[in-house]
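# Coordinate analysis (summary)
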Amino acid sequence: MNYFSPVVQNRIRNTLLYFGTGLAGTGVLVSMMRNSLFALNHPWMLMFGSLGFMLGTMFTNYQAQPALKHLFWGGFLTTTALGMVPLIQMASMPIIFDALFATGLTMGGLGAVALNAPSEQFLMWGGMLGMGCAGMIGISLLSMFYPSPAIFNIWLYGGLVLFSAFVLYDVQKIIHNAKTRNTYDPINESLRIYLDAIMIFERFLIIFMQNKKK
């Protein structure tokens, strides 16, 4: 493992703390709303609300406006959790635990690979992953107007591969930023791997639900 200075170690530790807190908070919110009538939500409102809170989080200064920063971050976690509730309601608890376990193994394994890689070669994937993300957005929009099993499977399995690759890139990006930036924002950095984990979990959940039906 590469040697990190105490400052870099502290930055990475704080990032992982926000990452873990974000996932735990999302899990608590989802479990609270899983059997609630409040879970009957409006997807478009949640999507734009989540996007607004995420942008607010990203563009609020961590050092200058910590209270507002955490407020936006909490709003983003809440809207993300609300958006996950309908999918969680369709799954049984054993399938949810299986998806959590698979997500944990995937994130932990890929994170360890990125952390112990001899160089920052995964950072070279940025352009390719950006194009893949744009393609995934296009597929998602296409599936809304032309739903088909083939398009859905591309979104499902292609997305699983894409966001797994993002874990390798984002972990090394966090380390790189922790080493090189004069000012460091652990909340913004944690959003990278938080979103990776959410996307991977949702896809594992759908895959396991499909396998259960067979």
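Below you will find a few notes about this structure. (Residues numbered from 1 in each chain as written. Predicted model: local features only at pLDDT ≥ 70, side-chain atom pairs only at ≥ 80, totals over all residues. Heavy atoms only, no water.)

## Quick notes on the overall build of the protein
As a reminder of what qualifies: We count a stretch as a helix when DSSP gives it H or I for four or more residues in a row; a strand needs E for two or more, and each element gets its number in order from the N terminus. This radius of gyration counts C-alpha atoms alone. The globule rule is 2.2 Å times how many residues there are, raised to the power 0.38. Only heavy atoms matter for contacts: two residues are in contact if any of them lie within 4.5 Å across the pair. With residues, only the protein chains shown are counted as cover, and all accessible areas are computed by Shrake-Rupley using a 1.4 Å probe. A residue counts as positive if it is Lys or Arg and as negative if it is Asp or Glu; His and the chain ends are not included. By convention, the charge on Lys lies at NZ, on Arg at CZ, on Asp at CG and on Glu at CD.
The helix and strand tally for the protein stands at seven helices and zero strands. The order of helices and strands in the protein, counted from the N terminus, is α-α-α-α-α-α-α. What you see for the protein is a C-alpha radius of gyration of 18 Å, in line with the 17 Å of a compact globule of 214 residues. Taking the principal axes of the C-alpha coordinates as reference, the protein spans close to 50 × 35 × 30 Å. In the protein, of all internal contacts separated by at least 6 residues, the share reaching a separation of at least 24 is 82%. For the protein, the computed accessible surface area is about 11800 Å², with 72% contributed by carbon and sulfur atoms. In the protein, 12 side chains carry a positive charge and 7 a negative one; their mean positions are 3 Å apart.

## Re the nonpolar core
Applicable threshold: As used here, the term nonpolar core means buried Ala, Val, Leu, Ile, Met, Phe, Trp, Tyr and Cys residues forming a set that is joined through side-chain atoms within 4.5 Å. Buried residues are those whose accessible area, probed at 1.4 Å on protein chains only, stays under 20% of the maximum for their type, while exposed residues exceed 50% and partly exposed ones sit between those limits.
Counting residues in each nonpolar core, the largest one holds 59 residues, and the members touching the most others are M107, I200, F201 and L205. By residue number, the principal contributor to this core is helix α6 (residues 149–180), which donates 15 residues. In this structure, M107 is in contact with F19, V167, I193, D196, A197 and I200, ignoring residues within four places of it in sequence.

## Things to note about α6
This is how it is decided: Residue count minus one, scaled by 1.5 Å, sets the expected span of a helix. Bend at a residue means the angle formed by two fitted axes: the first through the 7 residues ending at that position, the second through the 7 residues beginning there.
Between its first and last C-alpha atoms α6 spans 45 Å; for 32 residues at 1.5 Å apiece the expected length is 46 Å, and the two agree. If you look at α6, its biggest bend is around 30°, right at G159.

## Observations concerning the pattern of salt bridges
Between side chains of opposite charge, a pair can form as their charged atoms come close. Spelled out, the test is: Just to be clear on terms, a salt bridge is a Lys or Arg side-chain nitrogen sitting within 4 Å of an Asp or Glu carboxyl oxygen.
Within this structure, the stated rule accounts for three salt bridges. Residue D185 pairs with K69 through a salt bridge whose shortest N-O separation is 2.6 Å. Linking D185 in the loop between α6 and α7 (186–213) with K69 in helix α3 (residues 66–89), this pair joins segments that are 116 residues apart in sequence. No difference in accessibility class separates D185 from K69, as the two residues are buried. Note that E189 and R192 form a salt bridge whose closest N and O atoms lie 3.0 Å from each other. Taken as a pair, E189 and R192 lie in helix α7 at a separation of three residues, close to a single helical turn. Residue E189 is classed as buried on the basis of its relative accessible area, which comes to 2%.

## Observations regarding the packing of helix α1 (residues 6–33) against α6
Our working rule: Between the N-to-C directions of two axes lies an angle of 0 to 180 degrees, each axis being a line fitted to C-alpha atoms and, for a helix, fitted only over the stretch in contact. Throughout this description, any angle smaller than 35 degrees is read as roughly parallel, any larger than 145 degrees as roughly antiparallel, any in the 65 to 115 degree range as roughly perpendicular, and the remainder as oblique. The sense of a crossing depends on the near helix, which, turned anticlockwise from the far helix by less than a right angle, makes the crossing left-handed and, turned clockwise, makes it right-handed. Only Asp, Glu, Lys and Arg are considered charged in this grouping, and only Ala, Val, Leu, Ile, Met, Phe, Trp, Tyr, Cys and Pro are considered nonpolar; every other residue, Gly among them, is considered polar.
With their axes 9 Å apart at the nearest point, α1 and α6 run at an angle of 135° to one another. When the axes of α1 and α6 are compared, the pair comes out oblique. At the point where α1 passes α6, the crossing takes the right-handed sense. Contact residues: V8, R11, I12 and T15 in α1; I174, I175, N177, A178 and K179 in α6. In terms of residue class, the contact of α1 with α6 is built from five nonpolar, two polar and two charged.

## Digging into the packing of α1 against α7
The N-to-C vectors of α1 and α7 enclose an angle of 50°; their axes lie 8 Å apart at closest approach. Relative to α7, α1 is oriented oblique. By crossing handedness, the relation of α1 to α7 is classed as right-handed. Between α1 and α7, the residues in contact are N14, T15, L16, Y18, F19, G22, L23 and T26 and P186, I187, E189, S190, I193, Y194, A197 and I198, respectively. A per-class count over the contact of α1 with α7 returns ten nonpolar, five polar and one charged.

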